[in-house]
Protein chains: 4
Amino acid sequence: MGKLKEVDVKNTFQIRTDLAIEARELIQESQEKKEDEPNGVKVETQEGDCYTLTRVSIINDEGSKAMGKPKGEYITIESQKLKENAVDCHEEIIKLLAEQLRKLAKTKEDDCILVAGLGNWNITPDALGPKVISRILVTRHLQGSLPVEIEGTVRPVAAISPGVMGLTGIETGEIIKGLVEKVKPTLLIAIDALAARRSSRINATIQMSDTGVAPGAGVGNKRMMLSQETLGIPVIAIGVPTVVDAATLVNDTMDRILASMIEQTKKGTDFYRMLQDLEEEEKYTMITEILDPYTENMFVTPKEVDAVIDRLSNIIANGINIALHPGITMEDISKYS
Amino acid sequence: MGKLKEVDVKNTFQIRTDLAIEARELIQESQEKKEDEPNGVKVETQEGDCYTLTRVSIINDEGSKAMGKPKGEYITIESQKLKENAVDCHEEIIKLLAEQLRKLAKTKEDDCILVAGLGNWNITPDALGPKVISRILVTRHLQGSLPVEIEGTVRPVAAISPGVMGLTGIETGEIIKGLVEKVKPTLLIAIDALAARRSSRINATIQMSDTGVAPGAGVGNKRMMLSQETLGIPVIAIGVPTVVDAATLVNDTMDRILASMIEQTKKGTDFYRMLQDLEEEEKYTMITEILDPYTENMFVTPKEVDAVIDRLSNIIANGINIALHPGITMEDISKYS
Amino acid sequence: MGKLKEVDVKNTFQIRTDLAIEARELIQESQEKKEDEPNGVKVETQEGDCYTLTRVSIINDEGSKAMGKPKGEYITIESQKLKENAVDCHEEIIKLLAEQLRKLAKTKEDDCILVAGLGNWNITPDALGPKVISRILVTRHLQGSLPVEIEGTVRPVAAISPGVMGLTGIETGEIIKGLVEKVKPTLLIAIDALAARRSSRINATIQMSDTGVAPGAGVGNKRMMLSQETLGIPVIAIGVPTVVDAATLVNDTMDRILASMIEQTKKGTDFYRMLQDLEEEEKYTMITEILDPYTENMFVTPKEVDAVIDRLSNIIANGINIALHPGITMEDISKYS
Amino acid sequence: MGKLKEVDVKNTFQIRTDLAIEARELIQESQEKKEDEPNGVKVETQEGDCYTLTRVSIINDEGSKAMGKPKGEYITIESQKLKENAVDCHEEIIKLLAEQLRKLAKTKEDDCILVAGLGNWNITPDALGPKVISRILVTRHLQGSLPVEIEGTVRPVAAISPGVMGLTGIETGEIIKGLVEKVKPTLLIAIDALAARRSSRINATIQMSDTGVAPGAGVGNKRMMLSQETLGIPVIAIGVPTVVDAATLVNDTMDRILASMIEQTKKGTDFYRMLQDLEEEEKYTMITEILDPYTENMFVTPKEVDAVIDRLSNIIANGINIALHPGITMEDISKYS
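Residue numbering note: each chain is counted from 1, following its sequence as written. Numbering of ligands from 1 and lettering of chains from A proceed in the order in which they are written. Totals for whole chains, interfaces and linings use all residues, but because this is a predicted model, local features are given only for residues with pLDDT of at least 70 and pairs of side-chain atoms are given and counted only at 80 or more. The basis for the side-chain values is all heavy atoms of the structure; hydrogens and waters are excluded.

## Here we look at the overall build of chain A
Spelled out, the test is: A run of H or I in DSSP counts as a helix once it spans at least four residues, and a run of E counts as a strand once it spans at least two, with each numbered from the N terminus. Working definition: with a 1.4 Å probe on protein chains only, accessible area under 20% of the residue-type maximum means buried, over 50% means exposed, and in between means partly exposed. Pairs of residues are marked as contacts when any of their non-hydrogen atoms sit within 4.5 Å. Values of accessible area rely on a 1.4 Å probe in the Shrake-Rupley scheme; residue burial ignores everything except the protein chains shown.
Tallying secondary structure elements over chain A gives twelve helices and nine strands in all. The buried share of chain A, taken over its 337 residues, is 57%. Partitioning the contacts of chain A with sequence separation of at least 6, the portion at a separation of at least 24 is 72%. Counting every atom, chain A has about 14500 Å² of accessible surface; 49% of that belongs to carbon and sulfur.

## Remarks on the side chain of threonine 205 of chain A
Residues and elements named next belong to chain A. Test applied: We define a polar contact as two N or O atoms separated by no more than 3.5 Å, with the added condition that, inside protein, one atom must be a possible hydrogen donor and the other a possible acceptor, whereas residues neighbouring each other in sequence contribute only through side-chain atom pairs.
Position of threonine 205 relative to the elements: it lies in strand β7 (residues 205-209). In this structure threonine 205 comes out as buried when scored by relative accessible area, which is 0%. Of the polar contacts made by the side chain of threonine 205, one reaches the backbone oxygen of arginine 201; its length is 3.0 Å. Apart from the residues within four sequence positions on either side, threonine 205 is in contact with Leu19, Thr76, Ile77, Glu78, Leu82, Gly239, Val240 and Pro241.

## Details of the pattern of salt bridges
The test is simple: For this document, the term salt bridge refers to a Lys or Arg side-chain nitrogen within 4 Å of an Asp or Glu carboxyl oxygen.
Evaluation of the coordinates by the stated rule reveals 51 salt bridges over all chains. When the shortest N-O distance is used, the salt bridge between arginine 201 of chain A and glutamate 22 of chain A registers 2.7 Å. Highlighted residues: arginine 201 of chain A in the loop between β6 (187-195) and β7 and glutamate 22 of chain A in helix α2 (residues 20-30), separated in sequence by 179 residues. By relative accessible area, arginine 201 of chain A is classed as buried at 10%. Note on glutamate 22 of chain A: relative accessible area 0%, which makes it buried. Between glutamate 25 of chain B and arginine 198 of chain B there is a salt bridge; the shortest N-O distance is 3.8 Å. In this pair, glutamate 25 of chain B is assigned in helix α2 (residues 20-30) and arginine 198 of chain B in the loop between β6 (187-195) and β7 (205-209), connecting sequence segments 173 residues apart.

## Side note on the packing of helix α4 (residues 87-105) of chain C against helix α11 (residues 305-324) of chain C
Residues and elements named next belong to chain C. This is how it is decided: Between N-to-C directions, angles cover 0 to 180 degrees, with each direction set by a line fitted to C-alpha atoms, over the stretch in contact for helices. Here the angle decides the label: under 35 degrees means roughly parallel, over 145 means roughly antiparallel, 65 to 115 means roughly perpendicular, and every other value means oblique. When the near helix sits turned anticlockwise from the far one by under a right angle, the crossing is termed left-handed; a clockwise turn instead gives a right-handed crossing. Each residue receives one of three labels: charged for Asp, Glu, Lys and Arg, nonpolar for Ala, Val, Leu, Ile, Met, Phe, Trp, Tyr, Cys and Pro, and polar for the others, Gly being one of them.
At a minimum axis distance of 8 Å, the contact between α4 and α11 shows a crossing angle of 45°. The angle between α4 and α11 places the two elements in the oblique class. The handedness of the crossing between α4 and α11 comes out as right-handed. For the pair α4 and α11, contact is made by His90, Ile93, Ile94, Leu97, Ala98, Leu101 and Arg102 and by Arg311, Ile315, Ile316, Asn318, Gly319, Ile320, Ile322 and Ala323, respectively. Classifying every residue of the contact of α4 with α11 by side-chain character gives ten nonpolar, three polar and two charged.

## Notes on the state of the cysteines
All names here are of chain B. For clarity, the cut-off: Any two cysteine sulfur atoms within 2.5 Å of one another count as a disulfide.
This model, assessed by the stated rule, comprises four disulfides over all chains. Here cysteine 50 is linked by a disulfide to cysteine 89, with a sulfur-sulfur distance of 2.1 Å. Across the disulfide from cysteine 50 to cysteine 89, rotation about the S-S bond amounts to roughly 85°, and the bridge is consequently right-handed. With cysteine 50 in the loop between β1 (41-47) and β2 (52-58) and cysteine 89 in helix α4 (residues 87-105), this pair connects stretches of sequence that are 39 residues apart. The pair formed by cysteine 50 and cysteine 89 is uniform in burial state, with each residue classed as buried.

## A look at the side chain of threonine 172 of chain A
As for its placement among the helices and strands, threonine 172 of chain A is situated in helix α7 (residues 172-183). Sequence-distant contacts of threonine 172 of chain A, that is, excluding residues within four places in its chain, are made with Leu118, Pro162, Gly163, Val164, Met165 and Pro215 of chain A.

## Some points on the pairing of strand β5 (residues 157-160) of chain B
Residue and element names in this part refer to chain B. Definition in use: If DSSP finds at least two bridges between two strands, the strands pair.
Residue alternation in β5 divides its side chains into two sets, Val157 and Ala159 and Ala158 and Ile160, and both sets are buried. With four bridges joining them, strand β4 (residues 113-117) and β5 adopt parallel strand pairing. When the sheet's bridge partners are listed, leucine 114 is paired in β5 with alanine 158.

## As for helix α4 (residues 87-105) of chain A
Residues spaced three or four apart along an α-helix point in a common direction, a consequence of the helix completing one turn every 3.6 residues. Residues and elements named next belong to chain A. Quick note on the threshold: Each helix should span, by expectation, one fewer than its residue count multiplied by 1.5 Å.
With 19 residues, α4 should reach 27 Å at 1.5 Å per residue; the first-to-last C-alpha distance of 26 Å fits that figure. Of the residues making up α4, those classed as buried are Val87, Cys89, His90, Ile93, Ile94, Leu96, Leu97, Ala98, Gln100, Leu101, Leu104 and Ala105. At the exit of α4 stands lysine 106, carrying a positive phi of roughly 50°.

## Focus on the environment of threonine 253 of chain B
Residues and elements named next belong to chain B. Structurally, threonine 253 can be placed in helix α9 (residues 246-264). For threonine 253, a relative accessible area of 2% puts it in the buried group. A sequence separation of 116 residues divides threonine 253 from leucine 137, and the C-alpha atoms of the two residues are 42 Å apart.

## Quick notes on the confidence of the model for chain A
Detailed reading of the predicted coordinates is not advisable wherever pLDDT falls low. Residues and elements named next belong to chain A. Put simply, the test is: Values of pLDDT, ranging from 0 to 100, describe the predictor's confidence in every residue of the model.
With 81% of its residues at a pLDDT of at least 70, chain A reaches an overall mean of 83. Long-range and interchain partners of residues 1-14, a stretch whose pLDDT sits below 50, account for eight contacts in this model, where long-range means more than four residues apart. Model confidence for the complex: the whole-complex pTM is 0.83, and ipTM, which rates the interface, is 0.84.

Following this line, the structure appears as structure tokens:
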């Protein structure tokens, strides 16, 4: 069994996902007792009227190694309503997001916070970060010039969309580090689009974690991590999976088809063995050989992606605005958003 | 064989493709002699420095029924360079497009022509038509007021982006018919984004036909065709496949995987028979059952879709501009585009 | 006095304004008793919490000639809050707009209505019409397929953004006429950006009239009017002044400066006479000579024009949506807009 | 006369202009000998086929004080063709720009250069900087991974659009300083939209200087200058006036009207004296009183501003690309732009 697990952990890396709940799912699928949590990982769920919240805590190195992710908290809000024009549910999620973010942030009321929107504003599914930034209530430059009645209701907040390395020639981490040294915030909140394994999770999931983020991690290779270690301040990452890459989609569907074929086949027959063998030895080679080479640079995205990204960036920005500014409430948001 | 063919023709409709060359390919794949042309279909190809041109002529009803497409000419230009910033190749294709369009159009030099850009300008891969329209040299309103030196070098051209039924509440066919009755053009040229089966053809293929077009055909059901029959004037359709829908991608990849498995399996064994049976009886049910329901509304598209659609609309618009206006040459295009 | 009036009527045309309240203002300024209403013109005003509504009724040919506008009702809503993010006031104005539009429209509950957004979507201050269209609840294509619980709450509404003649080669009037013949609506509602004389009215004024509209009237010369006469159905025009042209701004400011100089100068002195003479004889020549020729194609617009046009198109679209669909209320609007 | 000059110098500041040639013009207008150059200022001009180049050198503190600008070189390229689709002239200007920029830059071939696009990408006339950035050939991140045949033809270039303080909460100067400390470039090139006094210069003038730039200087008050002093590296500023503010337009036109009236009036008459007095004492008060308060936040811009800004950003970006990268020529630009 040890060997199988290794293979699957390797698969975890091949099947691209940035979600802790999917990393956990992949481990569980490879286990005999599918319902067991991986060692070193603690999971709690909470059901709301229109959402499920899952808190995955990676508590030690074993958990971190199994999951392929740093130790820390990963809070995931799942709701198919995130994709729809469902105002009541969005309000519920904004409040939940604000509440969870406030707990995770642990800052004092007048600490300065920097919000960074990672990603490329020219590519719709990668534009979540920059779009959130455009809706953040930015106040750092107003300190000292605020009217008396507003003072005390807002804290200093700065916001930046640094662009992507392909457009700037500069690592996002370098830009943010330069900025952190000038602005000296107490906390960085970084927003990014993520990749997921399941198309059902696309635009229907918000993940928030206190473990930092590697900008453009899925795309290239070694990038400077944005984290407490590299920046010297805590980093909260908020992300939404907005794409499945086409190869992952095919691969994942194939897996499920094979699993279903194996289930329907009598154990012990030649065919059963063949399917078993196939899964482990040949499947990837076959898919790689057969899969159209042009699929490599393609991703899967819903038709109405522009509208959905707008909606999501509104939800996240308002969650952040309420969490950060003591005087801003849901009522202000529904009036002025 | 008869039965198999019927199944395949049905598949032709399930596997969504608007390309005549893919309809032909699907028929050939289902034949024993893969290289035979379907009855009633004539095919010629021509190789250029950076493109392949395929002329598929559907010459009788048998061909039309087999292909699932009306009788007429389907000219397809294929070039992977269409997606790239390859100016020399683009110039070659613009000239080719203009030449082929002029032959297909058979209009007199001062006939008025209406160009219609079908599709939804809010959804990038569906915005090809409206983007082409924005680059068409429109002159109909200038007739009578043109400077002497220009008169005779341009013909009357009008252009419209009618929008899609979901946005207007009106069938595109109705809008175009109302317009044709007012403007009284001699020819309609309709530009639309198409669906393809193979991701390699996405944004790498231009199809031009003289058989009309059904706006949004792939999306809903019965729509008013734009054709000689419905409008009373000839209709040339120009299209580019800009998406593969996610289910087609999975289905098509599965087919190729199964075909490869069958090939590697000894004929006559149980496993061979099982795969054969599977292909025909169970595959679709299985995929449909297993495929994530959220994949339905998803499509596969390259990351750099905005830039590529811009490039393609430039190529098509310039091909049309040169074909229609006697005094416009490639030189004007490279200077002023 | 007769001669002076003629001159002033001519000026009405030179000073470009599409607003009935400004046409009236110009006449009043030229009169000795500034507060008298022009003959054949009846005016009522109504003050709301955050707006002024002025109803100008041109009741006979004399009024029409003096005002340079067709007989009919001109309802103007003025509010500086239209430019701001003032949700409560916007809700009040949406309700007012819906109520006034319903009175003006006089249609039966299930009549089909066509809404047309005139103007050029590529030029922000001219994009009001197309932007309103993008927010109209379009239902004509759903008739027959609506769920039972919704049926009866919406009427058939179609919507179109026909583009401008410079882009289509076709007069907007021709496109609309072709469409009216196909769609056979009971009423046309046309949205357009207007020109005003006073920069204070820019984006702070909504005019609604039952007298039709001449698309692009200010730009070129004779255009086909959209009206009961040309289309055979009633036409309601809704517009917002979004620009002052630069020459009008200078001219209007000059007028006010000269008026103020005349006021401060003793009647009967040479200087007084000179200013008087100047105003009538030389002013226009002088401005025309001196005014920078490049100013001709320029217009004056506020910095935040994109955001303001978005807000205005939201207000107008929601006013129309509530007025047209029996089952849509302000509550639906604030939830789902 | 001394007093008059002081007043006029003050006016130089009220009349907002970022152009050295307009600062010079304003001084000359206030002088008795209009053609004399201000003390401490040296001017050379050069005529091309389609442009005028003016080199204003401010050589000492007296010149700097009179002009209200730092000592240094100000190179201005004027051409009405910049606004038009005039490819041949644009090529000439791109070459000129590259040549002048190379002289001003004085860097070694493999020095790293940072290009910063100042301004707000959401407001078209302020989006010049960010638009130029989107067309800069960025190569810093490719160093070490470039193919052999390209190595040596490009130098390391990074590019950033930092946004504006109202959107980030951070002074643009702070962001750039943080970045300069990380990236350690040898030179900063900063692109910004400028304000001019004459509408004829809008989008028809490119100014390049080696004296640094104050981001958003026209808008608010004290901002951190981007210059050798603040950043520790040389700064070249490239700008285009894209707006005239409405009050400046009226004021400037008024001045010319009054000047023309004075000219036509006999010296020594009461009227002459009155006009003279008016100019000095009352004009500003009068304009300020009479000018519509809503004009304050308005600016004057041409209708086709989007297309023109696109064209200008293309010209400037290509000028920079040729100047910076040893292996890039005009031919590459016309092929691949």
